[in-house]
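# Observations on the three-dimensional arrangement
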Protein chains: 2
Amino acid sequence: MTEVEAKKPQESLQDRLAQVVELLQRHKVVEDLTQRQEGQHSDLVENLVHRQNLAELQRKLEDLHSADVAYILEALPLEDRLAVWQLVKAERDGDILLEVSDSVRETLIADMDDHEILAAAKDLDADELADLAAELPRDVVHELMETLDAQQRERVRSALSYEEDQVGALMDFEMVTIREDVTLEVVLRYLRRLKELPGHTDKLFVVDYDGVLKGVLPIKRLLVNDPERLVVDVMATDPVSFHPDEEALEAAQAFERYDLISTPVVDKNGKLIGRLTIDEMVDLIREESEAEVLNMAGLREEEDIFASVWRSLRNRWAWLAINLITAFLASRVIGLFEGSIEKLVALAALMPIVAGIGGNSGNQTITMIVRAMALDQLSTGNTSRLIRKELAVSLINGVIWGGVIGIVAWVLYDSWSLGLVMTAAMTLNLLLAALMGVLIPMTLVRMGRDPAMGASVMITAVTDSGGFFIFLGLATLFLM
Amino acid sequence: MTEVEAKKPQESLQDRLAQVVELLQRHKVVEDLTQRQEGQHSDLVENLVHRQNLAELQRKLEDLHSADVAYILEALPLEDRLAVWQLVKAERDGDILLEVSDSVRETLIADMDDHEILAAAKDLDADELADLAAELPRDVVHELMETLDAQQRERVRSALSYEEDQVGALMDFEMVTIREDVTLEVVLRYLRRLKELPGHTDKLFVVDYDGVLKGVLPIKRLLVNDPERLVVDVMATDPVSFHPDEEALEAAQAFERYDLISTPVVDKNGKLIGRLTIDEMVDLIREESEAEVLNMAGLREEEDIFASVWRSLRNRWAWLAINLITAFLASRVIGLFEGSIEKLVALAALMPIVAGIGGNSGNQTITMIVRAMALDQLSTGNTSRLIRKELAVSLINGVIWGGVIGIVAWVLYDSWSLGLVMTAAMTLNLLLAALMGVLIPMTLVRMGRDPAMGASVMITAVTDSGGFFIFLGLATLFLM
């Protein structure tokens, strides 16, 4: 993918989206008219207007950066999305496919025939091809591989051999390599002969004759040092580098921490095999934060907001089913105490307060813990200190808020003992929420799971069942 | 802040944190011993061991990048944190203060006297000073300003005059500017005279004699073009640029979308006044995603996991109080139907299922909508389509899962009419959850609020009260 300097957008993206939607509307109105008046003499005129609208829309799209076209495609419902997709020039298809989200990409590729896909993919680099390969029809991938030279083919294979969350799957191959025993002047002349440098080239990679990485030459140093000096005297040795089987997320954290633009990727013999760039890392950071939000709510993956009803159901049903089971369990806990509720119906009205506050407080704790874990700030060494702190916060909240609601219950039902039970139950359930809010994500991590996964559903399950049991149990013990 | 090339870390951050904790432990054991044996002859020996430990810890810290020291400070409880902070060389204090989170920075600054703060701040750039200024004692800021030259002082003032979420607050002033009527050769010679280029210099800014931005010269173009050519013939005109009063988040999105490294910031006359760099934007993207997670759970701000109990209480109490009120309202809804519950106690056991599933489903919907809003994918134009889709998903879920739980209720309580009421109530509450899951964030946005703010607490309030009302209402109508 050749890079074009992004130009200052004259209007906001929202405005441009609105314009596209308007042109699409006009287009549809004309189409409706044409269909209704089929066979009449006005056909020709309508067709002309129709074509003018499409041409205007097409011009609009041509002016937009690929990333902006991708944004517009994301924000349109399926039917409009495909209409716009048809208008995009074929040679831009590849770039745009790389920019859209997985779920939208699927809808676009489903709309293309093999010939179109081949045309879209032919200008892509090896790493970009590898990104798309998983979603392309198998025989198209096969045909694409045939058209590549041996090195490119090897690179695509290599990129495909890594898991999605490994450095190897995110690296590209656009490294500019130099030798250490030449002068900066020679390097400058060499670069001039290249005519174009890859995007995000903030450093050149210094390798020996076997391709082993010796160091990096930051462009900054190339520019400010005397051209007579040797690369070896100016280069940075021992730069931050990664292995292709390292976790991409750790690389992203290093980029963030050390403010990097690009880093070399080396194999276990130290041979340079690719590079990572900040743009891929930014996307990763963004995706990771999003996954955290979605997982906590029990959504499996990012959902295209205009995804079909069926797709949405599949994405959401798993945690709903789990929630159904936990809700049923909570209901059975209440069932145990039906006798007490029959005698004192106020219990039925008060019990959701105990459960609800516990759930809210537990969600606050678990959100904080999951966040700290995502930032690597939590080691098992400080678990007990953290539990003590959370328990202290809950105890105070329980006594204060539990006290308030206890007084309200006392006044409402004219029973100080009911008020006392309420306060005690609130406090105990908040303590339970704090304990589980720390232990649930810790346990998930120890089991090798994602701590955010359904954390919210699980903590709510505990605080519901626990809250009902504590409150109704105390009431049965002391009030019956 | 001068930049050092980050070196490849030999061990993971977690390992280094563990080492620091271990050295601190050893240090503390020795301290305890020393205190116990006070006045005894072993004092000298203990003191020696003590000092050796500290010296080793200090060496460890010196080897670490400022960002890594910041990470370690974040992960340590207050007492250990301050012990480590005392060991950090004074000249690194400024850099490290810039790297830590707001809540940790506060604890560190509270531990420093004015003299230490002044020393830490004296090597910082104007934009970095402005970042710290809000948290420094007022008279220290005053004294710092005195030491600056007029241009620096003006820059600090200007940076301080913008809101935290505006471009002006995040820009730095390390621009390298050139004229358009010189050759690339002249530019290359000029850069060599600078000795050092600012970090993230991927382009030079081309300005006229009045400082008005004419274009940018990407370093890539400087390197590959013939040195005899003029800047004006090679530069990119009309680059992406920002005004200081634009929203920083929009700038961050542009960086992400167009894969930018740095952009000029210009005033309304087109005069170059600063630049934005990708590192600040990455931090912003990260912070924004985090704020979303925290806000949805009803936490006001990022909480240092070792924050004091008191601080944690303040951070969390607001939404807990709101939750208490909504839970109380839900309880009063149940109170309305106490007569029905007395007659049929099964209602008390079944009602939390209706409320719980509604809450879970509503949270899924609202999470998705808030996410789409954060990505600017939702305009008001597509609201009704979205509501229709969410209602369809809920209807299907309601009929299926409501049916399942209806059958269970039928079997459990041997009443098909109770089962039917259960199914109907589940379906209606899921529809309510879907509707409110779309409308709550949309309404918050229209009111100019953050759609994530307490979204989870609010949707749960609606599905609880609504669920109880629907279920108990239907039961009273059809079963009594």
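None of the values given here were measured: they were computed from a predicted structure.

## A word on the relation of the copies chain A and chain B
- Each copy superposes on the other: chain A lies on chain B with an RMSD of 0.1 Å after a rotation of 180 degrees and an axial shift of 0.0 Å. Such values leave the two copies arranged in the relation of a two-fold axis.
- A share of 99% of the interface residues of chain A reappears at the interface of chain B, consistent with the copies meeting face to face through the same patch.

## Comments concerning the pattern of salt bridges
- As enumerated under the stated definition, the model contains 17 salt bridges over all chains in all.
- Between A:R257 and B:D68 there is a salt bridge; the shortest N-O distance is 3.7 Å. With A:R257 in helix 15 (residues 248–258) and B:D68 in helix 3 (residues 66–75), this residue pair bridges two chains.
- Overall, the relative accessible area of 16% leaves A:R257 in the buried class.
- Classification of B:D68 by relative accessible area gives buried; the value is 2%.
- A salt bridge links B:E62 to B:K89, with the nearest nitrogen and oxygen atoms 3.2 Å apart. A residue pair is termed long-range when its members are at least 10 positions apart, and B:E62 in helix 2 (residues 43–63) and B:K89 in the loop between helix 4 (78–87) and helix 5 (93–99) qualify at 27 residues.
- The class for B:E62 is partly exposed, based on a relative accessible area of 39%.
- Residues participating in the shared-partner salt-bridge network are A:D102, A:R105 and A:E135.

## Considering the interface of chain A and chain B
- Each partner contributes residues to the interface: chain A has 133 residues there, and chain B has 132 residues.
- Summing both sides of the interface, chain A and chain B together bury roughly 12000 Å²; the carbon and sulfur share of this comes to 63%.
- Linking chain A to chain B there are 12 residue pairs in polar contact (both at pLDDT 80 or more).
- The class makeup of the residues in the side of chain A that touches chain B is 71 nonpolar, 26 polar and 36 charged.

## Brief notes about the UniProt feature "transmembrane region" (unreviewed entry) in chain A
Residues and elements named next belong to chain A.
- Under the UniProt annotation, the feature "transmembrane region" (unreviewed entry) is placed at residues 317–337, 349–370, 391–413, 419–445 and 457–479.
- Its end C-alpha atoms 31 Å apart, residues 317–337 is made of 95% helix and 0% strand.
- Within residues 457–479, the helical portion is 100% and the strand portion 0%, while the C-alpha atoms at the span's ends are 32 Å from each other.

## Structural notes on the environment of A:D113
All names here are of chain A.
- Mapping D113 onto the fold places it in the loop between helix 6 (102–110) and helix 7 (114–121).
- Each C-alpha atom, one on D113 and one on P137, is 9.9 Å from the other, the two residues being 24 residues apart in sequence.
- Separated by 2.8 Å, the side chain of D113 and the backbone nitrogen of E116 make a polar contact.

## Concerning the sheet that holds strand 1 (residues 177–178) of chain B
Residue and element names in this part refer to chain B.
- With mixed pairing, the 3 strands of this open sheet are ordered in space as 1-2-3. At either margin of the open sheet sits one strand with a lone partner, and together these are strand 1 and strand 3 (213–218).
- Both strand 1 and strand 2 (residues 203–207) contribute to a ladder of 2 bridges, which runs parallel. Bridging across to strand 2, I178 finds its partner in V206.

## Digging into a nonpolar patch on the surface
- Taken together, the side chains of A:L395, A:I396, A:V399, A:I400 and A:V404 make up a nonpolar region of the molecular surface, amounting to roughly 390 Å² of accessible area.
- For A:V399, the location among the structural elements is in helix 20 (residues 383–413).

## Brief notes about unusual backbone geometry
Residue and element names in this part refer to chain A.
- The residue K195 is not glycine, and still its phi comes out positive at about 70 degrees.
- Topologically, K195 is positioned in the loop between helix 12 (184–194) and strand 2 (203–207).
- For K195, a relative accessible area of 64% puts it in the exposed group.
- Its identity as a non-glycine residue notwithstanding, D238 has a phi of 60 degrees, on the positive side.
- With respect to the helices and strands, D238 occurs in the loop between helix 14 (231–234) and helix 15.

## Thoughts on the packing of aromatic side chains
- The tally for this structure, following the rule as stated, stands at 4 aromatic pairs over all chains.
- When the centroid spacing of 6.1 Å and the interplanar angle of 15 degrees are considered together, the rings of A:W317 and B:W401 count as stacked. Placement of A:W317 in helix 17 (residues 309–336) and of B:W401 in helix 20 (residues 383–413) is noted, with the two residues assigned to different chains.
- It is A:R179 that lies over the ring of A:Y209; its NZ or CZ is 4.3 Å from the centre.

## Brief notes about the side chain of B:S331
- Take B:S331: it is sitting in helix 17 (residues 309–336).
- You can call B:S331 buried: its relative accessible area is 0%.
- Apart from residues lying up to four places away in sequence, B:S331 is in contact with A:A349, A:L350 and A:I353.

## A closer look at the nonpolar core
- If you look at the biggest cluster of nonpolar residues, it comprises 144 residues, and the most contacted ones within it are A:L276 and B:L276.
- Apart from the residues lying within four places of it in its own chain, the contact partners of A:L276 are A:V167, A:L170, A:M171, A:F242, A:A251, A:F255, A:I261, A:S262, A:T263, A:V265 and A:M281.
- A:A348, A:A349, A:A425 and B:A348 belong to the second largest nonpolar core, which has 71 residues in total.

## Here's the deal with helix 21 (residues 416–446) of chain A
- The end-to-end C-alpha distance of helix 21 of chain A, which contains 31 residues, comes to 45 Å, matching closely the 45 Å that a straight helix rising 1.5 Å per residue would cover.
- At the exit of helix 21 of chain A stands A:G448, carrying a positive phi of roughly 80 degrees.

## Side note on a negative patch on the surface
- On the surface, a cluster of negative charge is contributed by A:E99, A:E163, A:E164, A:D165, A:E247, A:E250, A:D283, A:E287, A:E288 and A:D450.
- Position of A:E247 among the secondary structure elements: in the loop between helix 14 and helix 15.

## Describing empty space enclosed by the protein
- According to the stated counting rule, one finds 14 cavities of 30 Å³ or more in the structure shown.
- One number sums up the size of the largest cavity: a volume of about 790 Å³.
- Lining the largest cavity are 41 residues, and of these A:N363, A:T460, B:N363, B:S456 and B:T460 lie nearest its centre.
- When residues of the lining of the largest cavity are traced back to their parent elements, those giving at least two are helix 16 (278–296), helix 17, helix 19 (346–374) and helix 22 (455–479) of chain A together with helix 16 (278–296), helix 17, helix 19 (346–374) and helix 22 (455–479) of chain B.
- If you tally residues by element for the lining of the largest cavity, the top one is helix 19 of chain B, at 8 residues.

## A closer look at the pairing of strand 2 of chain B
Residue and element names in this part refer to chain B.
- With 5 of 5 residues buried, strand 2 lies mostly within the body of the structure.
- Covered by surrounding structure in strand 2 are K203, F205 and V207 together with L204 and V206, the residues of both alternating faces.
- Regarding the hand of the β-α-β motif, the stretch spanning strand 1, helix 12 (residues 184–194) and strand 2 is right-handed.
- As judged from the 5 bridges shared by strand 2 and strand 3, these two strands associate in the antiparallel manner. The residue of strand 3 that forms the bridge with V206 is G215.
- Counting the residues in the hairpin turn of strand 2 and strand 3 gives 5 residues, including G211, whose phi is positive at 85 degrees.

## With respect to the packing of helix 17 of chain B against helix 22 of chain B
Residue and element names in this part refer to chain B.
- The geometry of helix 17 relative to helix 22 is characterised by a closest axis approach of 9 Å and an angle of 5 degrees between their N-to-C directions. Put simply, helix 17 runs roughly parallel to helix 22. Across the interface between the two elements, W319, I322, N323, T326, L329, A330, V333 and I334 from helix 17 touch V457, M458, A461, D464, S465, F468, F469 and L472 from helix 22.
- Here the contact of helix 17 with helix 22 is composed, by residue class, of 12 nonpolar, 3 polar and 1 charged.

## Some words on the packing of helix 19 of chain B against helix 22 of chain B
Residue and element names in this part refer to chain B.
- Across the interface, helix 19 lies against helix 22 with an axial gap of 8 Å and an inter-helix angle of 145 degrees. The hand of the helix 19/helix 22 crossing is right-handed. For the pair helix 19 and helix 22, contact is made by L347, L350, M351, P352, V354, A355, G358, G359, G362, N363 and I366 and by A455, S456, I459, T460, T463, D464, G467, F468, F471, L472 and A475, respectively.
- Considered class by class, the residues forming the contact of helix 19 with helix 22 number 13 nonpolar, 8 polar and 1 charged.

What counts and what doesn't
Sequence order sets the numbering: in each chain, residues are counted from 1 along the sequence as written. Numbering of ligands from 1 and lettering of chains from A proceed in the order in which they are written. Whole-chain, interface and lining totals are the exception, using all residues; otherwise, since this is a predicted model, local features are given only for residues with pLDDT of at least 70 and side-chain atom pairs are given and counted only at 80 or more. Excluded from the side-chain calculation are hydrogens and water; included are all heavy atoms of the structure. The least-squares superposition of copies is restricted to C-alpha atoms, and to residues with a pLDDT of at least 70 in both copies. Whether two residues touch is decided by their heavy atoms; if any such pair falls within 4.5 Å, the residues are in contact. Salt bridge, as used here: a side-chain nitrogen of Lys or Arg that lies within 4 Å of a carboxyl oxygen of Asp or Glu. Secondary structure is summarised from DSSP: a helix means a run of H or I of at least four residues, a strand means a run of E of at least two, and numbering begins at the N terminus for each. Each residue's exposure class comes from its accessible area (1.4 Å probe, protein chains only) as a fraction of the maximum for that residue type: buried when under 20%, exposed when over 50%, partly exposed otherwise. Buried area is understood as the total, over both parts, of accessible area removed when two parts are fitted together, assessed with a 1.4 Å probe. By the criterion applied in these results, polar contacts are pairs of N or O atoms within 3.5 Å in which, for protein atoms, one can donate a hydrogen and the other can accept it, and in which residues neighboring in sequence qualify only through two side-chain atoms. Any residue outside Ala, Val, Leu, Ile, Met, Phe, Trp, Tyr, Cys, Pro, Asp, Glu, Lys and Arg is labelled polar, Gly included; the first ten of those are nonpolar and the last four are charged. UniProt positions are given in the numbering used here, feature names are shortened, and annotations may be inferred rather than shown by experiment. Two strands qualify as a pair provided DSSP detects at least 2 bridges between them. Each patch is assembled from residues with relative accessible area greater than 30% and no salt bridge, linking like charges that lie within 9 Å and nonpolar side chains (Val, Leu, Ile, Met, Phe, Trp, Tyr) that lie within 5 Å. Only the protein chains shown count as cover for residues, and the accessible areas themselves come from Shrake-Rupley with a 1.4 Å probe. Paired rings are identified among Phe, Tyr and Trp, the last through its six-membered ring, by centres lying within 6.5 Å, and are further divided according to the angle between planes into stacked (under 30 degrees), edge-to-face (over 60) and tilted (the rest). Note on criteria: charge over ring means Lys NZ or Arg CZ within 6 Å of the ring centre, with the direction from the centre no more than 35 degrees off the ring normal. Take the buried residues of types Ala, Val, Leu, Ile, Met, Phe, Trp, Tyr and Cys, join any two whose side-chain atoms come within 4.5 Å, and each joined set is a nonpolar core. Expected span, for any helix, means 1.5 Å times one less than how many residues it has. Just so you know, the count uses Lys and Arg for positive and Asp and Glu for negative, and it drops His and the chain ends. Just so you know, the charge point we use is NZ for Lys, CZ for Arg, CG for Asp and CD for Glu. Whether a set of points on the 1 Å grid over the protein atoms alone is a cavity depends on a 1.4 Å probe fitting there but being unable to get out, while an open set qualifies as a pocket with protein on both sides within 12 Å along at least five of seven lines; lining residues are those with an atom within 4 Å of a point. Grid points are joined across faces, edges and corners, and a volume is the space filled by probe spheres set on the points. Consider the strands pointing away from the viewer: the crossover is right-handed when the path from the first strand over the helix to the second runs clockwise. Whenever a helix is involved, its axis is fitted only over the stretch in contact; in every case the axis is a line through C-alpha atoms, and angles between N-to-C directions fall within 0 to 180 degrees. Should an angle lie under 35 degrees it is considered roughly parallel, over 145 roughly antiparallel, and from 65 to 115 roughly perpendicular; all remaining angles are considered oblique. Crossing handedness is read from the near helix: turned anticlockwise from the far helix by less than a right angle, it gives a left-handed crossing, and turned clockwise, a right-handed one.

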